[in-house]
Amino acid sequence: MQRTTMKHSFSASIDCKEMYLGLFEMFDKAGVPPESRWRSLLLFFRDVKDYNYLSDAQKIAIQSLMANVLSQKEYSEKRLETVLKEYH
């Protein structure tokens, strides 16, 4: 198996870093704990619009779930479990 190396773009790296720093700043302002499980879940929810295998209704439901999580600002283990069950 031949490996190909992807050319690294310095400007793309900076853009990506700035985007994620902006997102993390937004999470900080929203009171999202620094633990990766909540932030990872919210990043997934944020990008769901790009998943073409989901229906529009599914995308709306997931986006609504994300908005609900952010508005309630309850980031307990029990809430995480509830959100994951709601998603599936």
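Above this text you will find the structure in question.
Residues numbered from 1 in each chain as written. Predicted model: local features only at pLDDT ≥ 70, side-chain atom pairs only at ≥ 80, totals over all residues. Heavy atoms only, no water.

The terminal C-alpha atoms of helix α3 (residues 56-72) lie 24 Å apart, and with 17 residues this matches the ideal 24 Å at 1.5 Å per residue to within 8%. Restricting attention to buried positions, one finds in α3 the residues Lys59, Ile62, Leu65, Met66 and Val69. Down the axis of α3, the sector holding all buried residues measures 125 degrees, keeping them to one side. Turned more than 90 degrees away from the buried face of α3 sit Asp56, Ala57, Ile60 and Ser71, all of them exposed. (Helix = DSSP H or I, 4+ residues; strand = E, 2+ residues; numbered from the N terminus. Expected span 1.5 Å × (residues − 1). Buried < 20%, exposed > 50% of the residue type's maximum accessible area, 1.4 Å probe, protein only. Arc of directions from axis to C-beta.)

This part is about the pattern of salt bridges. Tallying each qualifying case throughout the model produces seven salt bridges. We note a salt bridge from glutamate 25 to lysine 29, for which the minimum N-O separation is 3.5 Å. Pair noted here: glutamate 25 and lysine 29 are both in helix α1 (residues 10-29), with a separation of four residues, about one helical turn. Look at glutamate 25 and you get partly exposed, because its relative accessible area is 46%. The class of lysine 29 is exposed, set by a relative accessible area of 64%. Sharing partners across several salt bridges, the network here consists of Glu35, Arg37 and Glu77. (Salt bridge = Lys/Arg side-chain N within 4 Å of Asp/Glu carboxyl O.)

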